Each structure stands twice: as structure tokens, then as C-alpha cells.
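Read off the chains here:
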Amino acid sequence: MQTANLLPLVLVLAVVAYGLAYMRSRAVAAPLGGIRNLKALPFYYAARAALWCAIPALIVLAVWAGFEDKVIQGIVIASLPPDTWPESAGQASLILSQISNVAAGSLNPEFLPEHITGAASLLEAMQDKSGNFKAILVVLIAVLGATFAWTRVAPHINARKNVETTLRRIFFVCAALAVLTTAGIVFSVFLETLRFFDRVPITEFLFGTSWSPQTALRIDQIGSEGAFGVIPLFTGTLLISAIALLVAVPVGLLSAIYLSEYASKRMRSTVKPVLEMLAGIPTVVYGFFAALTVAPFIRDLAAIVGLEASSQSALAAGLVMGIMIVPFVSSLSDDVISAVPQTMRDGSLALGATQSETMKKVIFPAALPGIIGGILLAASRAIGETMIVVMAAGLAANLTANPLDSVTTVTVQIATLLVGDQEFDSAKTLSAFALGMLLFIVTLLLNVLALKIVRKYREQYD
Amino acid sequence: MNTMSPSISAEADMRSKGAAVPVPDGRRKDTLMEDKPEDTVIEEGKTVGKPFTADPKFKLRNVDVSYGADRAIKNISLDIGRNEVIAFIGPSGCGKSTFLRCLNRMNDSIDICRVKGSLELDEQNIYDSKRDVVELRARVGMVFQKPNPFPKSIYDNVAYGPRIHGLANRKSELDDIVENSLRKAGLWNEAKDRLDAMATGMSGGQQQRLCIARAIAVSPEVILMDEPCSALDPIATARVEELIAEMSESYTIVIVTHSMQQAARVSNRTAYFHMGHLVEVNETDTVFTSPQHPLTESYITGRFG
């Protein structure tokens, strides 16, 4: 039986175990004078039965499904005549895919050597057998687990403690999963980054001022040498993010102050959801808004003033990105400002402070950590944003501080490096990992810095 | 000032613990069921005792406060004299805090709150549309139920008001104001060595005295106190009550309290509120020894609360 079918089956068994144990706990309690004489509520006996039924069965299922293919493949390869044994991992996977294609019926066996077709039938038989064993084993373990829990439905056994402990472990596994995933991603990016630095020296990457990742694909091909200086990308990213934050922080913060301190309840309940809707617009929509409306407008405006602006400019991308991240700043700031206790406002107002003085001197310092948190979230959105920049700021890696020029960002380069058919061991594709790693480190440092600043200036109320 | 007989205060203490209390002669009776003081009809606008004084600081006439459709204050007229300590007492929800908050327009921040009638401070209308609330609140300071120091240093808390109102031209002047205010609030000796420490790190009683110092720092004429001791332990309460007695020489003090003993200890006059009505106002001694209204008597003897 397939793993996909076994999974719901185990869950159904768990539900059945839950029901049976529930009924049994009530039946056990009845002669004693009601469920008050049990050590735990019927729910806990039932939940323990369901957990005993599902968890061991699922663990066995996961382990089996994880090693099934590897074991079967090993046996199949070993069954081949010794003279046809593969010499390398690549060859082995070639032969295996041939065998499994025959087994699946997508390759005509007539044109293939006999040892392949033989192996194919062996593979099929093994897979059948494994599937059956797996199904029987899993169901058996589920039933055994449930039966064990069933026998332990007794008034003197405290099922509540078992259930609570098990749930705590499940929660821990979930938390650990998130952490391990992050660590895994960082680790794999780190390994690829090391491979990149084998090809390009780290000093050139960090301090080079020109970026043009086109390298020759073959040795005999005529192509440019390729330059991997990351500085123009980071200045581009910083330029656009700075413009975006220059728009988003004042607009977002002031609108948050208006909404939380000055607006009437009705106004707030209308305006806030509308502002938050800005966050729901897909970035590609912002992108064409930036490329088709804002960028030409800026170019025309610059022409009137007598400046020269390219039709794709950092300013256009930054302005639109700023609008996009306004809700991150405003919504979070509004929440934390509203969370400052009313007694603080009363204290200040009763001393004769005006509303704006109260805001500036009491509420804002108290809400600072949350506000910085909102700004950080907005900043990381700005740094990570790709689509708007591709459409409105271009791909040219210019080293410039002029917002009217076209620039490019780290994320845009990562996207263009990996899009399309690429071989995976050239400096060009590997540089994407190095860029990702550097971006990760930079945002991490920004976060640490911001936390330090917050800790220094916050005014904590209790 | 403590004029309450021992039996009254003992009964009032016990009353707070449960509905049925043993009365002095040993019978048990359910205080709520027997007399039903809530059923006593109060005639609107009729206040027993002496609500008016000559040359009042506050002259309040026919004050009506409503939250939306709810009338919280029903046609109250009262004078508050210069440099007197007046206590507002009454059961929860009787409107005494609402009435207090009208005196420096703290109710303004509540959208649905409407205040009608004539409220005058030194013969100037408090609720005049041209009136500057900032100036009013500088003259009428307030101390709240829960100590609410700002999450700043002790110094900055006291200096907050003077800075806002521009009371000091130089740092040294500001230092003097802070020191004087802390001295008046009896906090200088405890705080002088840690003026830069966070105010939120002080004990509850110290925080409340800091809030008093903060109010004094802008040299108000009136100080409103909304149950200033309800979050404090008895020792801290005693300190604050001493402070009130000292301050009564230079300020008009209006104090809302749930503790009748406290009202008896600190105030010159006492006003008894009941369900939005001002039932009785008189010299504190008179209110506690010979109350004229049956409701007042029921309340101070602990029949309900």
C-alpha cells in the first residue's frame, strides 16, 4: 500500500482508538460513581489512546518510507551480473532510472539487455513486497499501541500527565524543526559560498567595484572574463532601501500616530484595514505601477527641472517600494502605541501637556521598541524586494549614489543568475549563493544593531 | 480628626469581608436584605447639609454628566472652598470619580462624555469653549489611583511639567524646582542620591509620592486625588496622608476615597455621593457623627457599600 494511503488510515485508527477509549473510561467510571472518581477526565484517556495509536505507527512509517528506496535499489544493483556493475554514482543512477522506467512500463523492454529487464521485474516484486510489509507492520503497531492504551484505562492511572508530557514534546519538536530548517539553509548556502570562493578570491568579491558575471561556458569559448565585485550591488540595494524607508517611516509613523491618538473610532476602523490592504497587493502589481507610471513621471519631471534621469531609476523603485512597506510601519506602530497604558496619557495630560507633547515625550519613547521592530520588518522587506526593482530600476550594476540613475540590487542579481538554463558549477551560478550569504549576514548585523539601539533608548513601562 | 467610634469602624471593616456581618448585639442579619437602602428615593438636586461656602475656589452649579445615554452625575451643586480638603465618598459607581475628573476636564478624552451645568474656578467657566485646557490643568493638578510615573528617571518625572510650561530658564532653576517638589512630597531624602534612576524601579508608595511631587512641580492651586492610596500598603498610605495634611496649608485638595477612615482622618468637609446624586455635604465631623440623611448613615455604618 502507498504511504499516501497509509497516513489517513492511521489517522482513522487513531480516531477510533480515541472513541473507544473515551467510552471505556466512562464505562469504568460508571460503577465508581461518575467520572469524578477517575484520576483524569475521559478526554485524557481518549487522547492518550489516540497518541499511542498514531505516534509509534507514524514513526515506523516515516523510517520505512525514508529507507525503502535506498535499500531496494541496493538489492537491485547487487542482483545485476558482476560485469555490468556501475563504476560511478552517475552511472548507477543512469542504470537505476532505466530499470525503473522499464518497471513503470514507459520504456520498451525489447531493446534492452536481459539483465536490465530482469532487474526491472525484481524491482517491481520488491516494491510490492515492501509495500505490503509496510502496510501490515504499520497497522499492527497502530492497533497494538491502541490496545496497550486501552488496557491502561483505569481509575488509578493518571492519563493527564502522560498526555501533557507528550504534547510538550510535540511542541518542542515543532519549534526545533523551524530552528533546524534555518540552520540547514544557512549551512548549505555556506558550503556553496565556499565553493564560489575557490574560484573567485574573497577580496575581489568583497571589495571589487564592478559586477558583470558573464563568464565563458567552455574553455574554448570567446567570452568576457567576468567581474564579481559586490560593491555596486550593495550600494544599489542600500540606495533603494534608503529611499523606500525615507518614504515609509515618516508616512507610516505619522499615520500610526494619527490613527491611534487623534482619529475617531469609526475613522480608525475604516482607515486601518484599507492601509493594511496595501500589504496585500502583489509586488508585481507595484512593479508595473513603478515601471509604467512613476518612472516616466520622474524622468519627465527631471527633464523639466533640467536634470537627466534614465527611464529606469532607483528613485522610482524606491518611492513605490516605500508605499508598499508603509503598512508594516503603520500597522505595527499603531498597535504598540495603542498598547501604551492609558494611565501614562492621563498622567501627562493632567500635568497640562498637550496631546502632541504627550505623544512626543511619553508615548513615543515607551512604544519605541515596537516601532523599531516595525521599521526593521519594513527594512528587511525593502532589502529583500526583487520584483519592483527588476521592473523599475533595471539590471545595470552602476556604482552610483544618484537616485536618478538606474541601479540593481543583490536580490535582483540572485534572481537573474539562477533563472533559465544554467550549469551549476560555474562561478556565475555559485556567486548567487555568495550574494545570498552576504545579504544574510548584513541583515543579521542590521537586526543586532537595531536591537542594541532599542535597548539603549527604550523607556519600559510596566 | 478621627472621630469615628470604634464600633463603627470595626463594623465597616467587617462589612467589606462579606454580606452577613454580626452586629454589635450579637444577632446576625443580612444587611442588604433588611433595609434596602437602595430603595430610598433621592430627590434630584436636593443635597442635605451645607454644600455652599462663602468665597469658594470651585463654584459648581447644576452639573450633569452623561456617557451617551447614561447619566452619571445628576444635577449636582457644590462649592469647594479655598485651601480646604474635601473628601468625596460613596459606593462604587456613584459618580465621585467622574465628578472629580470634571474639575480639570480629564473627561475630555472620553468621546461620549457630555458635561452640562456651570463649573467655575475662581469665577471663570472651566468648560468655556475658549478656555485653554493646558492652563487649567496647570492650575488643577491630579494624582491617580494607580501610581503612574513615566518610564523615565526620577528627575525627568518631576521636571516633566516645569519643562512643558517653561517654568525654568536655567538648569539650576529646574534643579531647584525638582528638589523643592521632592522635599514637599517627602521624597527628597530617599531620592536625592538616585535622581537618575528609573522611577518605575521605586516602591509603590514612593511612586505615588513621586506622582504627587510631579503634580506639585507645576505649582498648581488645586490637587485632585482619585483614590490615591488604594494601591498602597498601610505604611505608605500613612505617609501619603501625612503629606495631604501638610499640603492642605497651601493647596485646595479634593480627594476621592473608598476608605471612610481616610476621609475622616484627612478632610475638613465630606461629600457623600449616591448613584449620581450628591446626597449630603457637611463638616467631616458632622457627617461621621451625626449624618442627616438615612443613606449617608447606612453607608458610613457599613450597611452597604
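Here the structure is a predicted model, which means the values were calculated and not measured.

(A) Structural detail: the overall build of chain B. What chain B contains, in helices and strands, is 12 helices and 13 strands. Contacts in chain B between residues far apart in sequence, at least 24 positions, make up 68% of those at least 6 positions apart. Summing over all exposed atoms, chain B offers an accessible surface of approximately 13,100 Å²; the carbon and sulfur share of this is 48%.

(B) Structural context of the domain arrangement of chain A. Segmenting chain A into domains produces domain 1 (3-157) and domain 2 (227-457). A C-alpha centroid distance of 49 Å is found between domain 1 of chain A and domain 2 of chain A.

(C) Representation of the packing of aromatic side chains within the structure. In total, this model carries 14 aromatic pairs over all chains according to the counting rule given. A centroid spacing of 5.4 Å and a plane angle of 75° characterise the contact between A:Phe196 and A:Phe205, whose relative ring orientation is edge-to-face. Here A:Phe196 and A:Phe205 have matching classes, each one buried. Pairing B:Phe99 with B:Phe273 gives two aromatic rings, centres 5.6 Å apart and planes at 50°, and the pair type is tilted. Linking B:Phe99 in helix 3 (residues 96-102) with B:Phe273 in strand 12 (residues 269-274), this pair joins segments that are 174 residues apart in sequence. Comparing B:Phe99 with B:Phe273 shows no difference in burial state: the two are buried. Ring-pair connections join several aromatic residues into one group, and the members of that group are A:Phe196, A:Phe197, A:Phe205, A:Trp211 and A:Phe228. If you follow A:Arg24 out to its NZ or CZ, it ends over the ring of A:Trp150, 4.8 Å from the centre. The ring of B:Tyr127 is capped by B:Arg105, whose NZ or CZ atom sits 5.1 Å from the centre of that ring.

(D) Focus on the nonpolar core. Core analysis: the largest hydrophobic core is formed by 52 residues, its most contacted members being A:Ile240, A:Met321, A:Ile325, A:Ile337, A:Ile388 and B:Tyr160. Among the elements of the structure, helix 7 (231-262), helix 9 (283-305), helix 10 (314-339), helix 12 (355-384) and helix 13 (387-392) of chain A together with helix 5 (154-164) of chain B are those that each provide at least two residues to this core. Take this core: its biggest share by element is 11 residues, from helix 10 of chain A. Core analysis: the second largest hydrophobic core is formed by 49 residues, B:Ala199, B:Val240, B:Tyr251 and B:Ile253 among them.

(E) Here's a closer look at the sheet that holds strand 5 (residues 70-81) of chain B. Residues and elements named next belong to chain B. Strands sit in the order 5-4-7-8 across an open sheet of 4 strands; the sheet is antiparallel. Two strands lie at the open edges of the sheet, namely strand 5 and strand 8 (124-125), each paired on one side alone. Relative to strand 7 (residues 113-121), strand 4 (residues 56-67) runs antiparallel, the two sharing 8 bridges. When the bridges of strand 7 are listed, Ser 66 appears paired with Arg 114.

(F) Fine view of the pattern of salt bridges. For the structure shown, the criterion picks out 27 salt bridges over all chains. One salt bridge in this structure joins A:Glu68 and A:Lys134, with 3.7 Å as the shortest N-O distance. On the criterion of sequence distance, the pair formed by A:Glu68 in helix 2 (residues 42-79) and A:Lys134 in helix 4 (residues 114-151) is long-range, its members being 66 residues apart. The two residues A:Glu68 and A:Lys134 agree in class, both being buried. Its salt-bridge partner being B:Arg209, residue B:Glu190 comes within 3.1 Å of it at the nearest N-O pair. You can see B:Glu190 sitting in helix 7 (residues 188-191) and its partner B:Arg209 sitting in helix 8 (residues 204-216), a full 19 residues away along the chain. Here B:Glu190 falls in the partly exposed class, since its relative accessible area comes to 31%.

(G) Examining unusual backbone geometry more closely. Residues and elements named next belong to chain B. Its identity as a non-glycine residue notwithstanding, Asp 55 has a phi of 50°, on the positive side. A positive phi is found at Met 275, a non-glycine position, where the angle reads about 45°. With respect to the element layout, Met 275 can be found in the loop between strand 12 and strand 13 (277-283).

(H) Expanded view of the interface of chain A and chain B. Opposite the 21 residues of chain A that make contact, chain B presents 23 residues. Summed over both sides, the interface between chain A and chain B buries roughly 1,900 Å², with carbon and sulfur atoms accounting for 60% of that surface. Counting the surface chain A buries against chain B, the share from its top three residues, A:Ala350, A:Leu351 and A:Lys361, is 32%. Across the chain A-chain B interface, the total number found is 0 salt bridges. Of all the secondary structure elements, the ones that give two or more residues to the side of chain A that touches chain B are helix 11 (342-350) and helix 12 of chain A.

(I) How the structure looks around the sheet that holds strand 10 (residues 222-226) of chain B. Residues and elements named next belong to chain B. An order of 3-13-12-6-11-10-9 is seen for the 7 strands of this open sheet, with the pairing classed as mixed. One side of each edge strand has no neighbouring strand; the edge strands of this open sheet are strand 3 (48-49) and strand 9 (140-143). Across 4 bridges, strand 6 (residues 85-89) lies against strand 12 in parallel orientation. Directly across from Ile 86, in strand 12, lies its bridge partner Arg 269.

Rules used throughout
Residues numbered from 1 in each chain as written. Chains lettered and ligands numbered in written order. Predicted model: local features only at pLDDT ≥ 70, side-chain atom pairs only at ≥ 80, totals over all residues. Heavy atoms only, no water. Helix = DSSP H or I, 4+ residues; strand = E, 2+ residues; numbered from the N terminus. Contact = heavy atoms within 4.5 Å. Areas by Shrake-Rupley, 256 points an atom, 1.4 Å probe, with all protein chains shown as cover. Domains from an automatic or database assignment. Phe/Tyr/Trp six-rings, centres within 6.5 Å; stacked < 30°, edge-to-face > 60°. Buried < 20%, exposed > 50% of the residue type's maximum accessible area, 1.4 Å probe, protein only. Lys NZ or Arg CZ within 6 Å of the ring centre and 35° of its normal. Core = buried A, V, L, I, M, F, W, Y, C linked by side-chain atoms within 4.5 Å. Pairing = 2+ DSSP bridges. Salt bridge = Lys/Arg side-chain N within 4 Å of Asp/Glu carboxyl O. Buried area = accessible area lost by both parts, 1.4 Å probe.

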